[in-house]
Amino acid sequence: MTTPVLIQPVVLSGGSGTRLWPLSREKYPKQLLSLVGDDSLLQATVRRVQGTPGVELAPPMVVCNEEYRFVIAEQLRLLGENGTVVLEPFGRNTAPALTMAALAATKNATDPVLLVMPADHVITNVPAFQQVVSQGAALAANGVVVTFGITPDAPETGYGYIQAGAAYADAACADARVIARFVEKPDLATAQSYLTDGSYSWNSGLFMMRASVWLSAMSICRADILAACQTAWDQGQTDGEFIRVGKEAFAQCPSDSIDYAVMERLAANASPNVTTLPPGVVLPLIAGWSDVGAWDALWQVLPKDSSGNVSQGDVLLQDCENTLALSEGRLIACVGVSDLVVVETADAILVSHKNKTQDVKKIVDALKRQGRSEGSVHRKVFRPWGWYDGVDAGERFQVKRIVVKPGGTLSLQMHHHRAEHWIVVSGTARVTCGENIFLLSENQSTFIPLGTTHRLENPGRVALEMIEVQSGSYLGEDDIVRFEDVYGR
């Protein structure tokens, strides 16, 4: 009986998704959002490999910025997955991220096939995806580097392209083609020529290879990145469910993508050194793939009414066509419009023509130049203990709605410039205020004087909901001195 191939799912969760602003923010990017269905894009990425026939699946591995670690760990927990989360102290693009994943995958003298998946893509036909993954696993287990090409249906200038060459010499996988070359995002005329040619596919950003094969390829192509990653790995440590790599060593790691670092050099026409590298093949993937790179791409994959409209939340449409309207709270009413994108959040509203959604990034860039927070954070901010929502603010005051999950504990802390009033709406709060520790229940309140050491905990089995009123000369989130923190911040 044939032993099934061991696959290590590797989810790369590094993008910021600025073209999906205002839902996607720098501190809470699109892969953490539920844009298509109930799962977040990251959760859907993990879930779609479950049940892949003919393989053995290891628990998922997510490589992400440490800023997202608690949200990602919670999203994995909700899936019932005890995955590994590898934390990058800085973004260094996908080649170092995959290298860290390969080092993590081989730490116990195993050599699984890595299935490398961006966390923010959509695939609507999961059975078709799993079938191609099974084919790729058989090739990758034999030392081949596999990528997946999307058959283009338009001269798209926002994707890289892969040219397929001759059939790969493997009778068990007739669809595999040798990678002739990788090409970067083309101009419109070049993209049209690729579409006409018929041998080019869109680069999906999905890859499969053995961990040892990737490390070997990096030793040939980018030995400097491999050395920096190896040092960072050797200096790392395990922190609960997280693996922290050496910060100073990783800071010295060059930035490069999987495509530039290795894949372009695997192409048959790329280099006379190709014989020293593993073979690279491309498999066609016809599974309803989208990178959901902008609002028009999201409109493409969501269910539409008879007039081509997509609406979510509190939305009323009258005589509209091909319009995307998403509301997080307030009513959106559209009359007699077509090809519009309207997105409402608590602190920002986007209105864009559907053909101009790639330019949303320019708005985010403008917000950053102006020093405005709307480009980076939502009004609702997630923390490892729960979340808070900035309800109102003015001169010398700020009001927050705070929800602490059961068992959640805020740090033991102190503020130099503000006092706080806490009012319990529901649940039970355990409050530390100076030397005193006491319980508060529904409709009870307390006052935390400026400069007083304090802590908030939820000892109950239901969520604790509170209103916090801050008052003082400075109300920034950086006015905090932490003395103890169960989350290691």
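Above this text sits the structure in question.
Bear in mind the structure is a predicted one, so any value in this text is a computation, not a measurement.

Rules behind the numbers
- Residues numbered from 1 in each chain as written.
- Predicted model: local features only at pLDDT ≥ 70, side-chain atom pairs only at ≥ 80, totals over all residues.
- Heavy atoms only, no water.
- Salt bridge = Lys/Arg side-chain N within 4 Å of Asp/Glu carboxyl O.
- Phe/Tyr/Trp six-rings, centres within 6.5 Å; stacked < 30°, edge-to-face > 60°.
- Helix = DSSP H or I, 4+ residues; strand = E, 2+ residues; numbered from the N terminus.
- Buried < 20%, exposed > 50% of the residue type's maximum accessible area, 1.4 Å probe, protein only.
- Lys NZ or Arg CZ within 6 Å of the ring centre and 35° of its normal.
- Pairing = 2+ DSSP bridges.

1. Topic: the pattern of salt bridges
Argument step 1. The full count for this structure, using the stated rule, is 22 salt bridges.
Argument step 2. Overlapping salt bridges, with partners in common, bring together Glu-66, Asp-239 and Arg-244 in one network.

2. Topic: the packing of aromatic side chains
Where two aromatic rings form a pair, the distance of their centres and the angle of their planes describe that pair.
Argument step 1. Applying the stated criterion across every chain, the model contains 7 aromatic pairs.
Argument step 2. With a centroid separation of 5.6 Å and an interplanar angle of 75°, the aromatic rings of Phe-70 and Tyr-487 are classed as edge-to-face. Taken together, the residues Phe-70 in helix 2 (residues 69-78) and Tyr-487 in the segment after strand 31 (481-484) connect sequence positions 417 residues apart. Exposure class is identical for Phe-70 and Tyr-487. Each is buried.
Argument step 3. Plain terms: the ring middles of Tyr-159 and Trp-289 are 5.3 Å apart, the flat faces sit at 65° to each other, and that makes the pair edge-to-face. Placement of Tyr-159 in the loop between strand 7 (145-150) and strand 8 (161-167) and of Trp-289 in strand 14 (residues 289-290) is noted, with a sequence separation of 130 residues between them.
Argument step 4. What makes Tyr-159 buried here is its relative accessible area of 13%.
Argument step 5. Within the aromatic cluster, the residues linked to one another by ring pairs are Phe-70, Phe-242 and Tyr-487.
Argument step 6. The ring of Trp-299 is capped by Lys-304, whose NZ or CZ atom sits 4.8 Å from the centre of that ring.

3. Observations regarding the pairing of strand 19 (residues 340-344)
Argument step 1. Judged by how many residues are buried, strand 19 sits mostly within the fold: 4 of 5 residues are covered.
Argument step 2. With 4 bridges joining them, strand 17 (residues 324-327) and strand 19 adopt parallel strand pairing. Note on strand 19: the bridge partner recorded for Ser-327 is Glu-344.
Argument step 3. Bridge count for strand 19 against strand 20 (residues 349-353) is 5 bridges, and the pairing is antiparallel. The residue bridging Glu-344 from the neighbouring strand is Ile-349, located in strand 20.
Argument step 4. With antiparallel pairing between neighbouring strands as the criterion, strand 19 and strand 20 make up a hairpin whose turn holds 4 residues.

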